[in-house]
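Coordinate analysis (summary)
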Amino acid sequence: MDWKTPRPDLIAAAGIASALSAAIVFASPDGDDPRIEAWAEEWPDYVEMYMTTKEMDNPTPFGGNYPYSKLIRYPGKQALWAGYAFAVDFNEDRGHYYTQIDQMETKRNDKEYLNAHGLPAFNGQPGACMNCHSGWSPILTEEMGWAEFNRTPYWDTIEKLRGEYGHGVEGAQLGSSCNDCHNPSDMSLRVNRQAFIDAMVMRGYEEDPASGLKGSPREMRDYVCAQCHVEYYFQGQDAILTYPWTEWPKDQPLRFEMVEEYYDTARESGVFAQDWTHAVTKAPMLKMQHPEFEVVSSGVHSSMIGCVDCHMPKTEWNGRQVTDHTMGSPLKKIENCLSCHNSMTADEMYQRVYDIQVDVIAAYLTAEKAVLALIEDVATVRETLAGLEPFSQIADAAEREGAISEELSLVLDYHRRASMRWDWIGASNSTGAHSPGEALRVLDQAVDMAQDGQALLVEVAARHGIELVPTINPTLPDAPAPIRGDDIVGSLPPAIAHAADRRVQDRLTRVAAAETTSNDAMPSVDGKQAFIDANCSQCHSVSSEDITATMMGLEIDGIGGRRDAANIEAYLRAGPPHPLAWTGSDADLSAVAEWLASK
């Protein structure tokens, strides 16, 4: 079946006038009209480009706009999200045209469906979900008030939009819109999402009445995307959309621990404890959400270029040079990368990104396996404890479960923290390409924390006379069947995804084979000597080690205070912006990175 949306369905310049003549008369509190048709007469090329985001025929190895089921591709997610709506329905994102439509159609927003599929307590999503899904959000905030807009049930707000503006894509189904990013008075960039503005002001940035925040042109090109491509949660009974950034210093890259510290403080203070209770382990869990803005801040590109440079580069459209408003994956615009990576061909550039993503997904699945093993072991111990004193003497089932959870509280905390890290990287829409070093670092931590949780569980079990052998190869859940029949939404993964998954499995097989080799049989590598042998000392000095550069004299003593070993290794391996890509062995590179990180 051909799922491609035919180009005649796009809004074309010739049809703009008739579309506008049929438009509903509209006046928002601040003069903005979010409907796409309202911008089409003056900006037909940009609207035509935007409307190509209706298409669903451009999958990439790990992303793209083809809305297949990610639960079918990665069935382990069902176990890691057990008890939460994401374990029921989770698909690859479509384009910006569908941001509201996808929110309306997902089973995660279908109370009756979720109630019938293992989540009887689900009572519907709040209107806060609409903050990033609809161009109507700023107007609704103005009309309803910030708290009322957030706490009003989602479908009540949809009914309000249907009654006032109709049901279609220029009404209740309106997704991302021109006015989300542009001030209609002069087309300058602006942000208008209150939660983002509040979070940035809290970090030390300055609010602006016209642009939302004060920022340079380059900063604004990031901010317009960052309004929505972020981690968030709903705070309090009013479900106020909130970004967990109080520990993220101004003008600094974010490390995952900053978000973790925020949530630790929120839990301890009673502000926010959890998104859900895990159905198997009963751990208090957090679900991470698309943290692109946070993750990319630690990547090598963040100091040089921004979101728009890669996702919306200059292009030719209808014979004019314009900013590309088709948006989407840079893998579909790979030639644009060559303006900086000018020593590479397009195929080589694509392969570099592909290799990074394969490595990250291999690490992601390794972390997933570790968390699954912890879940399986906790389930075993919980079941056994329930039949042992003192727990077996507790008649009330809920009280008994609570007492067991208290006994396992530190183990459950490891589960929470390991799962947060696994999800942080999985939820970020770049498959690690935005910041490979940070992605691998966080996923390595996820493995460590899951295994530490297993080790502690062995100790707790032993105190109750239970001999537990930690699980190494957990049982993977079966992939679910598509829940919408032969609809493209939630369908089977495309061929390009299967090919990528074979690459990932090859990578995991090679890693497993390497791990069977005894570390004792491998000679240790001296990081300092490897640094010298690789001729790094021609350009770089390390004063604390009496290393003086013979050519350029770039001092890197103290680099460990700015980058960890994983970040240094990824930076050197990649090449640009470092002038040369690493050509030595992996063992030497790891040794150099560890040594520099200690400086």
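Residues numbered from 1 in each chain as written. Predicted model: local features only at pLDDT ≥ 70, side-chain atom pairs only at ≥ 80, totals over all residues. Heavy atoms only, no water.

The next subject is the overall build of the protein chain. A tally of regular secondary structure across the protein chain gives 23 helices and ten strands. The principal-axis extents of the C-alpha atoms in the protein chain amount to approximately 75 × 75 × 50 Å. Every one of the 599 residues in the protein chain was classed for burial, and the buried ones make up 49%. Partitioning the intrachain contacts of the protein chain with sequence separation of at least 6 by distance along the chain shows that 67% fall at a separation of at least 24. (Helix = DSSP H or I, 4+ residues; strand = E, 2+ residues; numbered from the N terminus. Buried < 20%, exposed > 50% of the residue type's maximum accessible area, 1.4 Å probe, protein only. Contact = heavy atoms within 4.5 Å.)

Summed over all chains, the structure comprises 30 aromatic pairs. Taking 6.2 Å as the distance between ring centres and 85 degrees as the angle between the ring planes, the aromatic pair formed by Phe196 and Trp245 counts as edge-to-face. Residue Phe196 is located in helix H11 (residues 194–203), and its partner Trp245 is located in the loop between strand S4 (240–242) and helix H13 (256–269); the two are separated by 49 residues in the primary sequence. With respect to burial, Phe196 and Trp245 carry one shared label: buried. Put simply, the rings of Tyr74, Trp81, Tyr84, Phe86, Phe90, Trp276, Tyr364 and Trp422 touch in pairs and so form one group of aromatic residues. Directly above the ring of Tyr113 sits Lys107, whose terminal nitrogen or CZ lies 5.0 Å from the centroid. (Phe/Tyr/Trp six-rings, centres within 6.5 Å; stacked < 30°, edge-to-face > 60°. Lys NZ or Arg CZ within 6 Å of the ring centre and 35° of its normal.)

Quick look at the packing of helix H16 (residues 346–385) against helix H18 (residues 409–427) now. The geometry of a pair of packed helices is captured by two quantities: the angle between their axes and the separation between those axes. As a packed pair, H16 and H18 sit with axes 10 Å apart at the nearest point and diverge in direction by 155 degrees. Overall, the two elements H16 and H18 adopt an arrangement that is roughly antiparallel. Between H16 and H18 the crossing geometry is left-handed. Of the residues in H18, those in contact with Val360, Tyr364, Ala367, Glu368, Val371, Leu374, Ile375, Val378 and Arg382 of H16 are Val411, Leu412, Tyr414, His415, Ala418, Ser419, Trp422, Ile425 and Gly426. Residues belonging to the contact of H16 with H18 are distributed by class as follows: 13 nonpolar, three polar and two charged. (Axes fitted to C-alpha atoms, helices over the stretch in contact; angles between N-to-C directions. Parallel < 35°, antiparallel > 145°, perpendicular 65-115°, else oblique. Left-handed = near helix turned anticlockwise from the far one by under 90°. Nonpolar A, V, L, I, M, F, W, Y, C, P; charged D, E, K, R; others polar.)

Let us now look at the pairing of strand S7 (residues 314–317). Sheet topology note: the S7/strand S8 (residues 320–323) ladder contains four bridges and is antiparallel. If you follow Thr315 over to S8, its bridge partner there is Val322. The antiparallel pairing of S7 with S8 creates a hairpin that spans two residues between the two strands, and Asn318 there sits at a positive phi of about 55 degrees. (Pairing = 2+ DSSP bridges.)

A few words now on the packing of H16 against helix H20 (residues 495–515). Following both chains from N to C, one finds H16 and H20 inclined at 65 degrees, their axes separated by 9 Å at the closest point. It follows that H16 is roughly perpendicular to H20 by the angle criterion. Between H16 and H20 the crossing geometry is right-handed. Here Tyr350, Gln351, Tyr354, Asp355, Val358, Asp359, Ile361, Ala362, Leu365 and Thr366 of H16 come into contact with H20, specifically with Ile496, Ala499, Ala500, Arg503, Val504, Gln505, Arg507 and Leu508. The residue makeup of the contact of H16 with H20, split by class, is eleven nonpolar, three polar and four charged.

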